[in-house]
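Okay, here's what each chain looks like letter by letter:
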Amino acid sequence: MTDLHPDLHTHPDLHSWLSQQPHGLRTFRTFQQKLETLSKDDPEQRGVCRLLSGLVGNYVETFDEEPLPVDVADRAYGRLLDLVASLDLKGNSDRRLADINRIAACDLLN
């Protein structure tokens, strides 16, 4: 299941979609595509989307064409899911800055 409603504009939809996906690299790549769409559709979210996409991209690059250990995939997926759940895309500027800083400090592998 990798389809996401094309009118994705809210974090609960993003979290809901992610929570229903398998833990493999394909999900992370598709997630990046969804972030790109969200960034275009909702310009106020560009910073969050860019940081999340970079975070996911670093993870994907680490295991591109390499075996992905199940425990690593499960842990990274769980961290990403928790991170997305913690975001408030409609929050005030202080909250959004805190979200951006939390994303910037996150590492899906460690």
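Notes on the structure follow. (Residues numbered from 1 in each chain as written. Predicted model: local features only at pLDDT ≥ 70, side-chain atom pairs only at ≥ 80, totals over all residues. Heavy atoms only, no water.)

**Remarks on the overall build of the protein chain**
Stage number 1. Counting secondary structure elements, the protein chain contains 5 helices and 0 strands.
Stage number 2. Taken from the N to the C terminus, the helices and strands of the protein chain come in the order α-α-α-α-α.
Stage number 3. Counting only residues that meet the buried cut, the protein chain has 38% of its 110 residues in that class.
Stage number 4. Summarising the internal contacts of the protein chain: among those between residues at least 6 apart in sequence, 64% fall at separations of at least 24.
Stage number 5. When the accessible surface of the protein chain is totalled, it reaches about 6,300 Å², and 49% of it is carbon and sulfur. (Helix = DSSP H or I, 4+ residues; strand = E, 2+ residues; numbered from the N terminus. Buried < 20%, exposed > 50% of the residue type's maximum accessible area, 1.4 Å probe, protein only. Contact = heavy atoms within 4.5 Å. Areas by Shrake-Rupley, 256 points an atom, 1.4 Å probe, with all protein chains shown as cover.)

**Some thoughts on the pattern of salt bridges**
Stage number 1. Counted by the stated rule, this structure contains 6 salt bridges.
Stage number 2. In this structure, the salt-bridge partner of aspartate 42 is lysine 90, at a minimum N-O distance of 3.4 Å. Taken together, the positions of aspartate 42 in the loop between helix H2 (25–41) and helix H3 (46–63) and lysine 90 in the loop between helix H4 (70–86) and helix H5 (93–105) put the pair 48 residues apart, joining distant regions of the chain.
Stage number 3. Judged by relative accessible area, lysine 90 falls into the exposed class, the value being 57%.
Stage number 4. The residue aspartate 99 makes a salt bridge to arginine 102 at a minimum N-O spacing of 2.5 Å. You can see aspartate 99 and its partner arginine 102 sitting in helix H5, 3 residues apart, about one turn around the helix.
Stage number 5. Since its relative accessible area comes to 32%, arginine 102 is described here as partly exposed.
Stage number 6. A single salt-bridge network, built from bridges that share partners, covers Arg95, Asp99 and Arg102. (Salt bridge = Lys/Arg side-chain N within 4 Å of Asp/Glu carboxyl O.)

**A few points about the environment of leucine 52**
Stage number 1. By the secondary structure assignment, leucine 52 is in helix H3.
Stage number 2. In contact with leucine 52, other than residues within four places in its own chain, are Leu35, Leu80, Leu83, Leu87 and Ile103.

**Regarding the packing of aromatic side chains**
Stage number 1. Tallied over the full model, the rule gives 3 aromatic pairs.
Stage number 2. On the numbers, 6.3 Å between centres and 10° between planes, the contact of tryptophan 17 with phenylalanine 31 is stacked. Here the residue tryptophan 17 occupies a position in helix H1 (residues 11–19), and phenylalanine 31 occupies one in helix H2, the gap between them amounting to 14 residues.
Stage number 3. Following the ring pairs from residue to residue traces out a cluster consisting of Phe28, Tyr59 and Phe63. (Phe/Tyr/Trp six-rings, centres within 6.5 Å; stacked < 30°, edge-to-face > 60°.)

**Points about the nonpolar core**
Stage number 1. With 28 residues, the main nonpolar core has Leu18, Phe28, Phe31, Leu52, Tyr59, Leu80 and Leu108 as its most contacted residues.
Stage number 2. Of all the secondary-structure elements, those providing two or more residues to this core are H1, H2, H3 and H4.
Stage number 3. Beyond its immediate sequence surroundings of up to four residues, leucine 108 is in contact with Phe28, Leu55, Val56, Tyr59, Ala76, Arg79 and Leu80. (Core = buried A, V, L, I, M, F, W, Y, C linked by side-chain atoms within 4.5 Å.)

**Remarks on H5**
Stage number 1. For H5, which comprises 13 residues, the first-to-last C-alpha distance of 18 Å matches the rise-based estimate of 18 Å (1.5 Å per residue) to within 8%.
Stage number 2. Looking at the buried residues of H5, the elements they touch are H3 and H4.
Stage number 3. Taking the backbone nitrogen of aspartate 94 as reference, a side-chain oxygen 3.1 Å away marks asparagine 92 as the first, capping residue of H5. (Expected span 1.5 Å × (residues − 1). Polar contact = N/O pair within 3.5 Å; in protein donor to acceptor, adjacent residues only side chain to side chain.)

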